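Working through the structure, step by step
Letter by letter, the chains look like this.
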Amino acid sequence: MELDYLATVLLSSLSSASILLIATIGLAVVFGLMGVINLAHGEFLMIGAYTALTVTQHGVPFILAIPVAVLATMAIGALVEVLIIRRLYGRLFDTMLATWGLSIAFYQLAVLIFGTVSPGIGMPQFSLRIGGYSLAGYPLLMIGVAALTGAFVYFLMTRTVYGMKARAAIQVPEMAQAIGIESSRINTLTFSIGCGLAGFAGAVLLPIVPATPSMGFAFVVKAFLTVVVAGPVTLTGSTLAAIGLGGGASITASFLTSVSGDVFFFLVTALLLWLYPVGITARWQRKM
Amino acid sequence: MSLSEKLHRSAGLVFPALATLAALAAAAVIDPYLAYVATSWVIFGLLGLSLDLVWGRGGLLSLGQTAFYGLGGYFGSVVAINMVTLTGNSLIWSLPAGAAFGALSAALLGWIIFFARMGPLQATILSYTFTLLLWSVSQSFSMNVGDAAIGGDNGLSGIPGVVVGFGTAAEALGPTEVFVVAVLIAAAAYFLCSWLMRGTFGRVIDCIRIDAQKTELLGYDVRRYQLANFAVAGAVAGLAGALFGAWANYINPTIFSVQEAMLVPIYVLVGGLGTLAGAFVGAIVIGALSFYLGGGAVGGQTTLILGVVLILLVLFLRNGLLGALDALWRRTLPDHNAAARETGSVAIDPTVLEGILVEATGRAGPAKSLATSDLYKRFGGVIPVDKVTREFNPGRPYSLIGPNGAGKSSYLKACAGIYQPEAGSVLIGGTDVTGAAVVERARQGMGVKNQKPQVFGELTVLDNLWMAAFSRTRDKAAAAAISHKILSMLGMERQAAVQASALSHGQQQWLDIGMVLCLAPRVVLLDEPAAGMTNEETCELSVLVRTLARHATAIVVEHDMEFVRTLEGHVTVLHQGKVFAEGDIAALRGDDRVLDIYLGRREHV
Amino acid sequence: MRRFHSALALSTALALFSGAASAQTKIGAIFDLTGGLNIYGIQQDNALKLAVEDVNAKGGVLGSPVEVVSYDAQSELSKYTQYANTAILKDQVKALFAGLTSSSREAMRPIVRKAKIPYFYGSLYEGGACDKETFVTGSSASQQLSVLIEWAVKKYGKKIYIMAPDYNFGTISAHWIKEYAKKAGAEVVGEDFLALTVTDYAPTIQKIQAAKPDFVVALPVGANQTGFLEQFAAAGLKDRIGVVSTNYGSGNQQVVVSPQAGKGLIASQGYFQPVENAANADFVKLWTAKYGAEPPIVSEAVDIWNAVHLWAAAANKAGSADAQPVISALESGLTFEAPNGTVKLEPGSHHLRQNIYIAEGNDKHGFNIIETFSDVAPSYENEKCDLVANPALAEHFTPESQ
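Just so it is clear, the structure is predicted and the values come from calculations on it, not from any experiment. (Residues numbered from 1 in each chain as written. Chains lettered and ligands numbered in written order. Predicted model: local features only at pLDDT ≥ 70, side-chain atom pairs only at ≥ 80, totals over all residues.)

Focus on the overall build of chain A
Looking only at helices and strands, chain A features 11 helices and two strands. Secondary structure of chain A in N-to-C order comes out as α-α-α-α-β-β-α-α-α-α-α-α-α. When the backbone C-alpha atoms are referred to their principal axes, chain A occupies close to 65 × 50 × 35 Å. Within chain A, the fraction of its 288 residues that count as buried is 59%. Sequence-distant contacts in chain A: of pairs separated by 6 or more residues, those separated by 24 or more amount to 77%. (Helix = DSSP H or I, 4+ residues; strand = E, 2+ residues; numbered from the N terminus. Buried ≥ 20, exposed ≤ 12 C-beta atoms within 10 Å, placed from the backbone. Contact = placed C-beta atoms within 7 Å.)

Structural notes on the overall build of chain B
A tally of regular secondary structure across chain B gives 24 helices and 14 strands. Oriented by its inertia axes, the alpha-carbon framework of chain B measures out at about 90 × 55 × 50 Å. Residues counted as buried form 56% of the 605 residues belonging to chain B. When contacts within chain B are restricted to residue pairs at least 6 apart in sequence, those whose partners lie at least 24 apart make up 74%.

Concerning the UniProt feature "transmembrane region" (unreviewed entry) in chain B
Residues and elements named next belong to chain B. The UniProt entry lists residues 37-55, 67-85, 91-114, 121-138, 178-197, 227-247, 267-292 and 304-325 under the feature "transmembrane region" (unreviewed entry), expressed in the numbering used here. The span residues 37-55 carries 100% helix and 0% strand; its end-to-end C-alpha distance comes to 27 Å. Annotated as 81% helix and 0% strand, the span residues 267-292 places its first and last C-alpha atoms 17 Å apart. (UniProt positions renumbered as here; feature names shortened; annotations may be inferred.)

Re the interface of chain C and chain B
Listed by partner, the interface residues are 28 residues for chain C and 26 residues for chain B. Elements represented by at least two residues in the side of chain C that touches chain B include exactly β2 (66-72), α3 (77-90), α4 (102-115) and α6 (168-183) of chain C. Sorting elements by how many residues they give to the side of chain C that touches chain B places α3 of chain C first, with seven residues. Split into classes, the residues belonging to the side of chain C that touches chain B amount to 10 nonpolar, 13 polar and five charged. (Nonpolar A, V, L, I, M, F, W, Y, C, P; charged D, E, K, R; others polar.)

Thoughts on the nonpolar core
Of all hydrophobic cores here, the largest spans 443 residues; its most connected members are Val236 and Leu243 of chain B together with Ala84, Phe97 and Val308 of chain C. Per-element accounting of this core gives the leading share, 18 residues, to helix α10 (residues 222-248) of chain B. Not counting residues within four places of it along the chain, the set of residues in contact with Val308 of chain C comprises Leu48, Ala51, Val52, Val55 and Phe97 of chain C. (Core = buried A, V, L, I, M, F, W, Y, C linked by C-beta atoms within 7 Å.)

Observations concerning the domain arrangement of chain B
Residues and elements named next belong to chain B. Partitioning chain B into domains gives domain 1 (3-330) and domain 2 (350-599). In this assembly, 15 residues from domain 1 lie in contact with 18 residues from domain 2. Per-class residue counts for the side of domain 1 that touches domain 2 are six nonpolar, three polar and six charged. (Domains from an automatic or database assignment.)

Below you can see the structure in the form of structure tokens.
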């Protein structure tokens, strides 16, 4: 195997893992801080993508469309939390079913509003050459975006008042209540941030994954498996799981067939769950 | 008992039987088309039933039921395609083959889930992953098995229809007859499952759902029961799959799709979780809904409506249609739980108790000792059990005392097998059980009451005791006799039919202790049994523990020093995970070092 | 008003024989109007309604207007079987127009065989479906690929890479690509089959670069897989390696793909909206008047339009809407002036002899037609499937199983 091919494979696998992490991190935040599995996460991604698309179609530069998408999904997320999620705390599987209902409703709404095909915004045409191979530049940029997003969430959860309150509210709810943390408001904010991160993912990945009503589905299954494999230490765990599963699947696909990449993803997930029945970070001491 | 009450009690048999008759009668009048569509609702109901067994009763939300359904469908159909020419009849091949293959694949997945002791979310996800894996693989899986051509995404066609006659002249039935056959098969499967879940097996499954740890502490091999239940559900799913194949004459990988997988929980939720019959109600309601919404009306927003309906159901009709009806009906019935407050006083009769314990000796052998050597357990930086070497023998009670956080409960849990120690060993009656599962220790004769009372809230008081007694005797009559004896000893005769969850905290303590007594254990571990008891009750408890100790090794963790004194036993003081001091209570009371650790002083340590 | 009277008179006459219910001829339509496949399904359904209006405006079938019973399969396979039975058992349709995916067709074929009514499948597909009741108006993989591969080898060179979805359409197409490559003296230097849910195309793009082909045959399914084309272009590969496809554009992918990635992509199909002929001009005019100009008309819509017209012509020719005479009439070598040129229904294989167009993506989310191959025969189907000689055939021929 030539060295330049190997380097290309490693680099693009890292970019695949980063894309998975970007798509997953909102789900991880919501699961880690609220114990809620949001099956409509993929549809929030889609909402983010369509928002960014619509805004760019009105002449706003792509880079400014991203924050608009984040704000829109945060607002919808907050609304969903107040109307639905809040009433189902502590009922993990009921929340899953309700958010699944939400996901198919959002999906159908998107079909009604946007139709089935919308023009994509295209991928910025720059590339990187390694030996005889060239790689699309934008997906590689996602490695940096993933790192920044991870750092942002880590900072938000460990260095801000909100983050400390949010972690307190999940770890010792009674105590948090007793010292005056209004956990319901914190939860609304957490869910809203999780959805905002999904919206961010949808927007920032728009050049790679065109906006379609069904785009959420392509992501949510793997994002979902990543978070569950990660276990209780969600942020670090999800990062590791995304690199291991997403990167591993991409490397497998590079050397074997694309389908074997998928099979690798699912089989390793099953294997990890067998070895670590409550996630790979079950025995860790870290907080995020 | 009023007629309404009797009817309510047997509602799970009477109404499904009526519904079956009604469906058969309806078959005579409905048009063939409706019969055809309704057949699919019955099949989906059967699939829902399989989920309700593992979710509603077993407590595990499996998203793998469609996987067993699909596998059963494929396998049963392949067998039927190849064998149907031999007999003419297709169902005698497809149904058993589908059910067997469904059961086998479920057992395989269940073995991984239950024997790895997966968390509930992880188990759900693993089952989902299994379905997704099948979905990816089946899209491109092409293979010819005899006359059957499995053609990847194009599916498997040419599946023989429902043929019940024999011989070469036998022909596939028309839609109405197929409906009748499907109803009969579904009814048979339902009543079989219903019978199974009403019996001891079902009761154990219920207990596992409510409190798996307690069930295991009672000596039931939780993992085997879960596995068996999962396999039974897999068989039902496989049966449904084979029936589906015969109905549609065609199977394709979409049977493994996410949409299919997620529809099954909806059927169960709409009908009512844990009711078994609810799965059919849900499948029919959803089927009819999407039939009339999406059927003729083109462009009907079926997907949107289903999504919204699901959200509303989860929010407002948590127990489904049957659950809601049941709640309405219950309001008109007398409330058995009202008797919870009419409790008599606890009166431990040492002779009755000794009778049970002596009888147990005959079966399970004499009292056993419990010993630990260098037992060591850590949680990250905290070491609640730090190389404890102790031996406990029958004769007189042992008390473990120490300030909060001394490691008393952790030591007990490490002995019971609830915590796996990092080092050291645990011996029951000289047998090394360090690596053995909780159930193995329970079978060795260990009885445990944890700090928090563990009772099966949805079961009646008597059933709670019966479950414990049956675990040891494996004899229904003997279990009934023992549980009645213990019941009267606890002064709870009038609460026999009360649900355990309606009892007060103190009553639950006694019930939990009563369950331990029903086990007639050879080694007894009681964690704070006196908490929440009145003075009189504490006296009775003391009598009980002392009687127990004559026939078993009894170890009690307690904070109540007066209670510890009345036990007149051996006392061990734990501090920071280590044995700090030992002796009788009088001697320890005079020990300044013991006082220091209780008061947090450092003068003498 | 006069037409009303004549219709009434005829229906009264018919009622004497067959009861009042069958005054009008009913046909069934099952397409995906909701769900992931409605990119295609809505247009198929629109085309069917438009065609029926057209037929009715020109006098209908057997002198009375055709009535449509339409169902939404919701992109779920189980709905296809359910509604096929509904249409047959309850509505008693005389012909069925349904399905997009091969699996939907395979699911319905046993049902229509049992009911013995003509069934029209209007979508490009992997080829090989063969039975007395089934009529295919879309182009088959071998039909499209036979001309495309020869053309592409001439244009780009002899090294081919295949990127296909991992199911029957992809694997069978790959087989034909290899076969036609051999004929053209070219070689397949690599192939990759992608799961339908894949979003990560980096591995494929690396493998393509490692294999150094002259052109790639890319068969992306649905809008999700257009990500491949974006990434391929962004990596700067489009200028070095050609991209050709038999299904790019069939779901209006050219609308989703950005101009910089879509420009220069080669697609071959039985129809593109810019095709120039009188029938297409009329068709596009009718279509845009009713449905508007966006999104562009896809080939599946034309396939259904053709199917309805062929069926109506056959019924009128037979003088009956019953299955047996209609099928016989359909097997009589019917031709039709279709928007995609003259099409001829092959009596033996029940497939269409039709034009295959090669088009190039432009920078306005559209196509320019650069080459027309007239009257391309469904040669594989004609070879395997002769239903005139062998009416009992009920097969799905695949080249691998030979």
